[in-house]
Amino acid sequence: MNQQTKSHGLVQAPTPVGTTPGYMPGFANDFETEALPGALPQGMNSPQKCNYGLYGEQLSGTAFTANPPERTWTYRIRPSVKHSHRYQKIDLPYWKSAPHVDPDVISLGQYRWDPVPHTDEGLNWLTGMRTMTTAGDVNTQVGMASHIYLVTESMKDEYFFSADSELLVVPQEGRLRFATELGIIDLEPKEIAIIPRGLVYRVEVLEGPCRGFVCENYGQKFELPGRGPIGANCLANPRDFKAPVAAYEDREVPSTLTVKWCGQFHRTDIPQSPLDVVAWHGNYAPYKYDLRNYCPVGAILFDHPDPSIFTVLTAPSGVPGTANIDFVLFRERWMVAEDTFRPPWYHKNIMSELMGNIYGQYDAKPQGFVPGGMSLHNMMLPHGPDKNAFEGASNADLKAEKLENTMSFMFETRFPQHLTAFAANEAPLQDDYIDCWTDLEKKFDGTPGKK
Ligand SMILES: O=C(O)Cc1cc(O)ccc1O
Ligand SMILES: [Fe+2]
């Protein structure tokens, strides 16, 4: 066992050979990691006494009897239960949960927003979360919410967990550190992170201001999509997902723990940092993924496939083939299809489509859908290329062409998404969005031939 390393004020486990410092590779692997030699019991979970006087504690992210069960054994300085004093309700007025149907807001429509701007107000991970849409029901653990975060300040002696949800974080600007019970994840644009339900963490600003998108998944956890005939390779490869090595701090300072539970926020005082897990093993852990590792598969002769071929992660809903949420990535790729209208087709979809632009230009919307911006095409509402994209693609010389400088994504859910009052009234909604289709001409004149 190597000497443990000290970083970020947390004592961190040595890094396994051949990996990025501080991370272990693999999707939903059964990991083991210790920040102090011998802190992890071997061959069993619950010895009569743990090494270093640590407490053993299990964090279960699935039912005990799920197949496979996902859980992690932590060995910590104090059991989590010692952290809990009485909870007080607190208000985070911009962070909403489903069901949340504002009677004054119309969710039926095609919507697009410019980037939500930063303000002079100092905002952290909790106060800076701005809910745009909600879908499903947090109490029955179905559906999701989409948020924009605007973060300029680190959480200090302040910790959080969501009992409601796992969070998929998609940064667009700035760099954040997630100091979690199970280790440290640093995150920047072009990467994503998953923070599991129930995991305690603090978010620090490494380089601000920070803005990004969050998909709050109330349902079953994100997993890798079934690959069907694509087979074992391409799309998101399991080895490119990275879980942090153990890191702990032994700090006795007055702190707070905020809990999101059934859509409400509660706070309790704790006399120490809860990031005191010295060693852990298991398959329930936070992780990050570099979107530049995503290997897209697409049309190599003609036609435009369904965007499901670009699925990075999917959260099942219980109905086979019908996701609670698909996280879909539109990134740089070659367009080679012959005699084909290459951008997305016009369509209506039972699933509702929330999109965000991380950088560059999206092929169906060359203008107006800008980095940091979002769009919503709700259940069964028609959409597709704007007039310019349609004319351009209909008349393009169909040589092999690389779509460069493009990274957008979609949170696609089987549930209709409801706008919050913030999305409808405060965020920079583009009132003229639907005009992007107004000038599409009638070309039909009753005579045959391509027009
Ligand atoms: O609406 C969109 O832009 C997303 C999308 C992209 C695509 O290539 C096919 C269908 C689809 O919904
Ligand atoms: Fe679409």
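Residues numbered from 1 in each chain as written. Chains lettered and ligands numbered in written order. Predicted model: local features only at pLDDT ≥ 70, side-chain atom pairs only at ≥ 80, totals over all residues. Heavy atoms only, no water.

This paragraph deals with the environment of Tyr87. Turning to its location among the elements, Tyr87 is positioned in the loop between strand 6 (71-76) and strand 7 (88-90). Taking the relative accessible area as the measure of exposure, Tyr87 reaches 39% and is therefore partly exposed. For the pair Tyr87 and Ser317, spaced 230 residues apart in the sequence, the C-alpha separation amounts to 32 Å. Residues in contact with Tyr87, not counting those within four places in the same chain, are Val259, His266, Arg267 and Thr268. (Helix = DSSP H or I, 4+ residues; strand = E, 2+ residues; numbered from the N terminus. Buried < 20%, exposed > 50% of the residue type's maximum accessible area, 1.4 Å probe, protein only. Contact = heavy atoms within 4.5 Å.)

What follows covers the confidence of the model for the protein chain. Residue-level pLDDT values for the protein chain average 95, and 96% of them are 70 or greater. Both scores are given for the predicted complex: the pTM is 0.96, the ipTM 0.99. (pLDDT = per-residue confidence, 0-100.)

A cluster of nonpolar side chains, namely Ile350, Met379 and Met380, defines an oily patch on the protein surface of about 280 Å² accessible area. Take Ile350: it is sitting in the loop between strand 23 (322-335) and strand 24 (352-360). (Patch = residues over 30% accessible without salt bridge, like charges linked within 9 Å, V, L, I, M, F, W, Y side chains within 5 Å. Areas by Shrake-Rupley, 256 points an atom, 1.4 Å probe, with all protein chains shown as cover. Salt bridge = Lys/Arg side-chain N within 4 Å of Asp/Glu carboxyl O.)

With distances of 1.9 to 2.6 Å, the protein atoms coordinating the iron ion (ligand 2) are His347 (NE2), Glu353 (OE), Glu353 (OE) and His383 (NE2). For the iron ion (ligand 2), the six donor atoms are set out with angles of 55 to 163 degrees between them, so the coordination reads as irregular. Counting along the primary sequence, the residues that act as donors to the iron ion (ligand 2) give the motif H-x5-E-x29-H. Of this pair, His347 sits in the loop between strand 23 and strand 24 while His383 sits in the loop between strand 25 (374-377) and helix 1 (387-395), and the two are 36 residues apart along the sequence. (Donors = N, O, S within 2.8 Å, 3.2 Å for Na, K, Ca; no water. Tetrahedral: all angles 85-135°; square planar, octahedral: opposite > 155°, others 65-115°.)

Bringing the pairing of strand 23 into the picture now. Where a strand is regular, its side chains alternate between the two sheet faces. Burial analysis of strand 23 places twelve of its 14 residues in the buried class, which makes it a mostly covered element. Here strand 23 pairs with strand 26 (residues 401-413) via nine bridges, running antiparallel. Across the sheet, the residue bridging to Val328 is Met410, located in strand 26. (Pairing = 2+ DSSP bridges.)

Moving on, we get to the UniProt feature "binding site: homogentisate" (unreviewed entry) in the protein chain. Those places that UniProt annotates as "binding site: homogentisate" (unreviewed entry) correspond, in this numbering, to Tyr362 and His383. These annotated residues cover 22 residues of sequence, but their C-alpha atoms sit close together, with the largest distance between any two at 14.2 Å. Secondary-structure assignment places Tyr362 in the loop between strand 24 and strand 25. For Tyr362, the contacting residues outside a window of four places in its chain are Phe330, Pro344, Met355, Phe369, Thr406 and Ser408. Under the relative-accessibility criterion, His383 is labelled buried at 6%. (UniProt positions renumbered as here; feature names shortened; annotations may be inferred.)

The environment of ligand 1 is made up of His304, Pro307, Phe330, Pro344, Trp345, His347, Glu353, Met355, Tyr362, His383 and Met410. With respect to ligand 1, the side chain of His383 contributes an N or O atom lying 3.0 Å from an oxygen atom. Computed on the free molecule, ligand 1 has an accessible area of 310 Å², of which 97% lies beneath the protein chains in the complex. Considered class by class, the residues forming the shell around ligand 1 number seven nonpolar, three polar and one charged. (Near = heavy atom within 4 Å. Polar contact = N/O pair within 3.5 Å; in protein donor to acceptor, adjacent residues only side chain to side chain. Nonpolar A, V, L, I, M, F, W, Y, C, P; charged D, E, K, R; others polar.)

Once that is clear, we can look at the environment of Asn237. Counting through the fold element by element, Asn237 comes out in the loop between strand 15 (201-217) and strand 16 (241-244). Using a relative accessible area of 21% as the deciding quantity, one classes Asn237 as partly exposed. Through-space distance from the C-alpha of Asn237 to that of Tyr289 is 9.8 Å; in sequence the pair is 52 residues apart. Reaching out from Asn237, the side chain makes a polar contact with the backbone nitrogen of Cys234 at a distance of 3.5 Å.

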